[in-house]
Amino acid sequence: MNIVFMGTPDFSVPTLAEIIGHGHTVKAVYTRAPAPAGRGMALTKSPVHQLADRFGIPVLHPKTLRTEEAQAVFRAHNADVAVVVAYGLILPKPVLEAPVHGCLNLHGSILPRWRGAAPIQRAVMAGDAETGVMVMKMDEGLDTGPVAMAERFPIGPDDTAGDVHDRMMALGADLMVRALAALERGGLAFTPQAEQGVTYARKIEKAETRIDWSRPAPEVHNHIRGLAPFPGAWFELDGVRVKVLRSTLAEGTGEPGTALDDRLTIACGTGAVRLIDLQRAGKAPMAADAFLRGTPVSAGAKVG
C-alpha cells in the first residue's frame, strides 16, 4: 500500500523499518524538524528522519498541519493509509480523513486506560501489572478512536519505563504490519473503546520528578522506575542532585529519607527501597557500588 508515516523518536523507528521491510511504499515521512542537540548544539535530525534518509524517503516537518497549504500537501501524497507513532503534532480532521483508510495510530497502553501523552510512564508509576500496545483508528478526540488489534504483556515488579518502552516498540512494530496486512486484505475490523475505565496519562512535569521519601516504599519504587531513564526521579545529597535509574523494594524502617545501611537502602514513609543504579548531575550512570566508592553514604545519613 501507499503509506504516509508520521513519527519522531526511537520508539517510532522499528515500525517504520518493518513497514519498509514488508514492501509497502512510504510516500513521505512526517517528523520533527532538526533541533539543536549534544555538547555542540548542532542541528540533529530525529531518529525517524535519519532512517527515512537511509531509504531516500521524502521528509517533511511542518510546524502545523492546520493550514490549508499543509493539508493540500498531505492530500497530494494520495496515501491509502497514514501510520502515526509518537509523532507530536495534532492531526486536524482534513488530515485524518485524507487517506483512503484514514490514520492508524500505535498507542502504548490498553485503551481506554492511559489515554494521552505519557502512557508508559503513568502505567509504571501507578504500579500496573500489565500493559500493552494497540492499533487504533484516529479520530478528533484524545486517543478515543476504535481499536483494531492489541498485544498485551506483563510489567515486572522492577521493570522501568525504559524496559517497557523497549519491549513495546518491538511488539508494536510487528502489530502494526499485521494490521496493515489485514487492512490490505479488507479484514481489519474496529471495535469502539469501552466507556468505563478511562484514565489520562498527562505529560510528566518537572515538579513531580523529585522523590518524596515520606510516601510508602512501593509508591517510591514505582515513582523511580516510572521515570527511568528519562526524565529521572531524583534526590539531593550534600546539595548535589542525584537521579535514581533503578531500585528495588527492601526491608527496613526508619525516618523517611534516612540511609539504613551503607548499601543505599533508604527508609520511606513505610518500608524501604534499595537504590541500584544512579547518576550524579553531569556524570554517567553507574551502579550503586561504583557510586558509593566516590560518594560514601553511611547508615544514618539523610538524603533530600
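Up top is the structure these notes are about.
Residues numbered from 1 in each chain as written. Predicted model: local features only at pLDDT ≥ 70, side-chain atom pairs only at ≥ 80, totals over all residues. Heavy atoms only, no water.

1. Concerning unusual backbone geometry
Across the junction of L111 and P112, the peptide omega takes the value 15°, indicating a cis bond. Looking at the element boundaries, P112 is found in the loop between β7 (103–107) and β8 (115–116). Of note, the bond from F230 into P231 is cis; its omega dihedral lies within 30 degrees of zero at 0°. Residue placement: P231 occurs in the loop between α7 (217–226) and β12 (233–237). With a phi close to 55°, A86 is a non-glycine residue in the positive phi region. Mapping A86 onto the fold places it in the loop between β6 (81–85) and α4 (93–96). When its relative accessible area of 38% is taken as the criterion, A86 is described as partly exposed. The phi dihedral of D238 is positive, around 55°, even though this residue is not glycine. Take D238: it is sitting in the loop between β12 and β13 (240–250). (Helix = DSSP H or I, 4+ residues; strand = E, 2+ residues; numbered from the N terminus. Buried < 20%, exposed > 50% of the residue type's maximum accessible area, 1.4 Å probe, protein only.)

2. With respect to the environment of G271
Looking at the element boundaries, G271 is found in the loop between β14 (265–267) and β15 (272–280). Judged by relative accessible area, G271 falls into the partly exposed class, the value being 25%. Expressed as a C-alpha distance, the spacing of G271 and R215, which sit 56 residues apart in the sequence, is 9.4 Å. Apart from the residues lying within four places of it in its own chain, the contact partners of G271 are A217 and G252. (Contact = heavy atoms within 4.5 Å.)

3. Here's the deal with helix α6 (residues 161–185)
Over its 25 residues, α6 runs 35 Å from end to end, which matches the ideal 36 Å to within 8%, given 1.5 Å per residue. G186 sits one or two residues past α6 and shows a positive phi near 80°. (Expected span 1.5 Å × (residues − 1).)

4. With respect to the pattern of salt bridges
For side chains of opposite charge, pairing can occur when their charged atoms come near one another. This model, assessed by the stated rule, comprises 14 salt bridges. A salt bridge links D53 to K45; the shortest N-O distance between them is 2.6 Å. The class for D53 is partly exposed, based on a relative accessible area of 36%. Taking relative accessible area as the criterion, K45 reaches 36% and is therefore assigned partly exposed. D163 is the partner of R246 in a salt bridge, and the nearest nitrogen-oxygen pair spans 3.1 Å. Residue R246 is found in strand β13, and its partner D163 is found in helix α6; the two are separated by 83 residues along the sequence. Given the relative accessible area of 29%, R246 is considered partly exposed. You can call D163 partly exposed: its relative accessible area is 23%. Through salt bridges that share partners, R122, R202 and E208 make up one connected network. (Salt bridge = Lys/Arg side-chain N within 4 Å of Asp/Glu carboxyl O.)

5. Thoughts on the pairing of β7
Where burial is concerned, most of β7 is hidden: 5 out of the 5 residues are buried. When β6 meets β7, the two strands line up parallel, connected through 3 bridges. Following the sheet pairing, V83 is matched in β7 by L104. Bridge analysis of β7 against strand β9 (residues 130–137) gives 4 bridges, and the strand direction is antiparallel. Residue pairing for β9: L106 is matched across the bridge by V135. (Pairing = 2+ DSSP bridges.)

6. What about the packing of helix α1 (residues 13–21) against helix α2 (residues 47–54)?
Close contact between α1 and α2 brings their axes to 9 Å; oriented N to C, the two are set at 20°. If you check the angle between α1 and α2, you find them roughly parallel. Crossing handedness for the pair α1 and α2: right-handed. Here V13, L16 and A17 of α1 come into contact with α2, specifically with P47, V48, L51 and A52. Residues of the contact of α1 with α2, tallied by class, amount to 7 nonpolar, no polar and no charged. (Axes fitted to C-alpha atoms, helices over the stretch in contact; angles between N-to-C directions. Parallel < 35°, antiparallel > 145°, perpendicular 65-115°, else oblique. Left-handed = near helix turned anticlockwise from the far one by under 90°. Nonpolar A, V, L, I, M, F, W, Y, C, P; charged D, E, K, R; others polar.)

7. Quick word on the packing of α1 against α6
At a closest axis distance of 8 Å, the pairing of α1 and α6 adopts a crossing angle of 35°. Between α1 and α6 the crossing geometry is right-handed. Together, P14, T15, E18 and I19 of α1 and M169, G172, A173, M176, V177 and L180 of α6 make up the contact between the two elements. For the contact of α1 with α6, the per-class residue count stands at 7 nonpolar, 2 polar and 1 charged.

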